[in-house]
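What follows is the residue order along each chain.
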Amino acid sequence: MSIYKDPASERAERKIASLSPELRRLAEEGGKIIKNGGLVAFPTETVYGLGADALDPDAVASIYEAKGRPSDNPLILHVSSVEMAERVVEINRRARMLIEAFWPGPLSVVLPAKDIVPLRTRGGLPTAAVRMPDSAPALALIEMSGLPIAAPSANISGRPSPTDAKTVLSDMGDRVPLVIDGGDTRFGVESTVVDVTGEHAVLLRPGGVSKEELEKVLKEEVLLPQDQNIIKRSPGTRYRHYAPSVPLVLCTAESMPAENRRWAWMGIAKPEGTPCASVLFKNKAEYAKELFRALRMLEKSDAEVIYAETPDEAGIGRALKDRLERAAGK
Ligand code: AMP
Ligand code: MG
């Protein structure tokens, strides 16, 4: 028997060991539910997930049903070790470099799927996305279930993703037997999705790991999916996301149009004029972390329109801008 442990799995084990007894008990309870084909909502470092056994088509079907999610939108498989990832996908050279650099962390890697992954989990695609979340309760839940956990965000399809347990309960409380409360999530936007199955690495969705960081590790350019093939490659990008119930308009503090309606503001800069409600962020990282919570809060104010400042695209800015544009219905 080899005693070699890859660094990513070792980091995951250390995280799990640091878990409080209370959360460990909940992870154990959740592990049993997952093994029995049930649903568990759990925290990750990005947003809260709604998880089920990724290898059981019926369990996966219940995720789609609970969320009202279109069934051709594939799910990400969450793992607690590289060995577990190897059970579900073919790990290639580029993936190994990324895993070693970024796992556990907000990076999902699209790889050729093994037959054990049901078509329902991968939306009928020959590939599957895998990631190791950087959250002790999430890693413990996966480890206790002994299964890769398929999980999209734990919200009704199309609504802003939940970044705290209270929001999960208000969206899905009646549809999930267990919601593990791990406090507020650290990143607030979903994971980066990168496809390394082809000649070039392609950034399918910007997230917590930036394009620049990926390029530094891979030592090559990571392409953006500018062409229509993206829709075939990552079906999720076709759907409306994160929609607040009040219209959202993107602008800068300087370019805000004259507005006769009651308007709310969110951004880093202060707007000119007087919003009826506003959320100001210290920087882009805080903007990303608080974005979905701010959307849900401002839609409950009496604003008739929400103006949001468009950030620049460096670092986390690309993911933030992507989510803002989707929320604005672009
Ligand atoms: P969500 O579960 O809402 O975070 O969405 C998962 C994202 O990962 C969607 O944008 C999917 O299109 C994308 N995704 C998952 N699996 C694959 C795959 N096999 N190939 C391409 N994109 C994928
Ligand atoms: Mg989602």
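Structure first, text after, so check above.
What you see as residue numbers is a count from 1 along each chain, following the sequence as written. To read the labels, note that chains go from A and ligands from 1, taken in the order they are written. Where totals are concerned, whole chains, interfaces and linings use all residues; where local detail is concerned, this predicted model gives features only for residues with pLDDT of at least 70, and gives and counts side-chain atom pairs only at 80 or more. With hydrogens and water set aside, each side-chain value is computed from the structure's full complement of heavy atoms.

Draft legend 1. Summary view of the overall build of the protein. From N to C terminus, the protein includes 11 helices and 13 strands. Throughout, radius of gyration means the C-alpha value; the globule benchmark is 2.2 Å times the number of residues raised to the power 0.38. Relative to the compact-globule value of 20 Å for 330 residues, the protein shows a C-alpha radius of gyration of 20 Å, a close match. In terms of overall dimensions, the protein has a C-alpha envelope of 70 × 45 × 35 Å along the principal axes. Think of it in three bands: residues with accessible area under 20% of the maximum for their type are buried, residues over 50% are exposed, and the middle band is partly exposed, with areas taken using a 1.4 Å probe on protein chains only. Expressed as a percentage of the 330 residues in the protein, the buried residues total 57%. Whether two residues are in contact is decided by their heavy atoms, any of which lying within 4.5 Å being enough. Taking the contacts inside the protein whose residues are at least 6 apart along the sequence as the reference set, 69% of them involve residues at least 24 apart. To measure how exposed things are, a 1.4 Å probe is used in the Shrake-Rupley method; for residues, cover is taken only from the protein chains shown. Just so you have it, the protein exposes about 14,200 Å², and 51% of that area is on carbon and sulfur atoms. Residues scored as positive are Lys and Arg, those scored as negative are Asp and Glu, and His as well as the terminal groups of each chain are ignored. The atoms used to mark charge sites are NZ of Lys, CZ of Arg, CG of Asp and CD of Glu. Mean positive and mean negative side-chain charge positions of the protein (44 and 46 charges, respectively) differ by 0 Å. Helix and strand definitions follow DSSP, with helices as H or I runs of at least four residues and strands as E runs of at least two, each counted in order from the N terminus.

Draft legend 2. Representation of the sheet that holds strand β6 (residues 149–150) in the model. The strand order across the open sheet built from nine strands is β7-β1-β2-β6-β3-β5-β4-β8-β9, with neighbouring strands paired in mixed fashion. Unpaired on one side and paired on the other, β7 (178–179) and β9 (202–205) mark the two borders of the sheet. In short, DSSP must find at least two bridges between two strands for them to pair.

Draft legend 3. Spatial organisation of the nonpolar core. For the purposes of this section, nonpolar cores are sets of buried Ala, Val, Leu, Ile, Met, Phe, Trp, Tyr and Cys residues that join through side-chain atoms within 4.5 Å. Judged by nonpolar contacts, the single largest core of 71 residues is most densely connected at L50, W103, L107 and L214. The element contributing the most residues to this core is helix α6 (residues 136–145), with six residues. Not counting chain neighbours up to four residues away, the residues in contact with L107 comprise L98, F102, V130, R131, S191, T192, V194, V209 and L214. In terms of nonpolar packing, the next biggest core, distinct from the first, is built from 26 residues, L250, A264, A308 and L320 among them.

Draft legend 4. Broad picture of helix α3 (residues 57–67). For α3, the set of buried residues is A59, V60, I63, Y64, A66 and K67. Viewed along the axis of α3, the buried residues span an arc of 170 degrees, placing them on a single side of the element. Residues of α3 that are exposed and point more than 90 degrees away from the buried face comprise D58 and E65. Where α3 is buried, its residues meet β2 (49–53), β6 and α7 (165–172). If you check the start of α3, you find a side-chain oxygen 2.9 Å away from the backbone N of D58, and it comes from D56. By arc we mean the arc of the directions from the helix axis to the C-beta atoms, nothing more. In protein, a polar contact means a hydrogen-donor-capable atom and an acceptor-capable atom, both N or O and within 3.5 Å, with residues adjacent in sequence counting only if both atoms are side-chain atoms; elsewhere, any N or O pair within 3.5 Å suffices.

Draft legend 5. Representation of unusual backbone geometry. With an omega dihedral of -10 degrees, the bond running from W103 to P104 counts as a cis peptide bond. By the element assignment, P104 lies in the loop between α5 (93–102) and β4 (107–112). Positioned with a positive phi, K219 is a non-glycine residue whose angle comes to about 55 degrees. In this structure, K219 sits in the loop between α8 (211–218) and α9 (229–233).

Draft legend 6. Spatial organisation of the environment of V82. By the element assignment, V82 lies in helix α4 (residues 82–88). What makes V82 buried here is its relative accessible area of 7%. Residues V82 and E10 lie 72 residues apart in sequence; the distance between their C-alpha atoms is 9.6 Å.

Draft legend 7. Highlighting the pattern of salt bridges. Any carboxyl oxygen of Asp or Glu within 4 Å of a side-chain nitrogen of Lys or Arg constitutes a salt bridge here. Summed over the entire model, instances satisfying the criterion amount to 25 salt bridges. Measuring nitrogen to oxygen at the nearest pair gives 3.2 Å for the salt bridge that ties D171 to R296. Highlighted residues: D171 in helix α7 and R296 in helix α10 (residues 284–300), separated in sequence by 125 residues. Taking the relative accessible area as the measure of exposure, D171 reaches 13% and is therefore buried. The closest approach of N and O atoms between R318 and E313, which form a salt bridge, is 3.6 Å. On the accessibility criterion, R318 (18% relative accessible area) is buried. Here E313 falls in the partly exposed class, since its relative accessible area comes to 36%. In the salt-bridge network here, residues are joined through shared partners; they are D164, D184, K289, E290 and R293.

Draft legend 8. Geometry of the packing of aromatic side chains. Here the aromatic set is Phe, Tyr and Trp, taking the six-membered ring for Trp, and pairing holds for ring centres within 6.5 Å; pairs whose planes are under 30 degrees apart are stacked, those over 60 apart are edge-to-face, and all others are tilted. This model, assessed by the stated rule, comprises two aromatic pairs. Here the aromatic rings of W263 and Y307 are separated by 6.2 Å at their centres, their planes lie at 80 degrees, and the arrangement is edge-to-face. Of this pair, W263 sits in strand β11 (residues 263–267) while Y307 sits in strand β13 (residues 305–309), and the two are 44 residues apart along the sequence. Under the relative-accessibility criterion, Y307 is labelled buried at 3%. Considering the side-chain rings of F281 and Y287, the 4.5 Å spacing of their centres and the 15 degrees angle between planes classify their relative orientation as stacked. Using a relative accessible area of 0% as the deciding quantity, one classes Y287 as buried.

Draft legend 9. Up close: the sheet that holds β11. Spatially, β10-β13-β11-β12 is the arrangement adopted by the four strands of the open sheet, whose pairing is parallel. Looking at which strands have only one partner, the edges of the open sheet turn out to be β10 (248–251) and β12 (277–280). With strand direction ignored, the average angle separating the axes of adjacent strands in the sheet is 15 degrees. Across four bridges, β11 lies against β12 in parallel orientation. Looking at the pairing, W265 lines up with S278 of β12. Helix-sheet contacts for helix α11 (residues 317–327) involve β10, β11 and β13, and the interaxial angle to β10 is about 140 degrees. Fitted lines through C-alpha atoms serve as axes, helices being fitted only where they are in contact, and the angles separating the N-to-C directions of these axes extend from 0 to 180 degrees.

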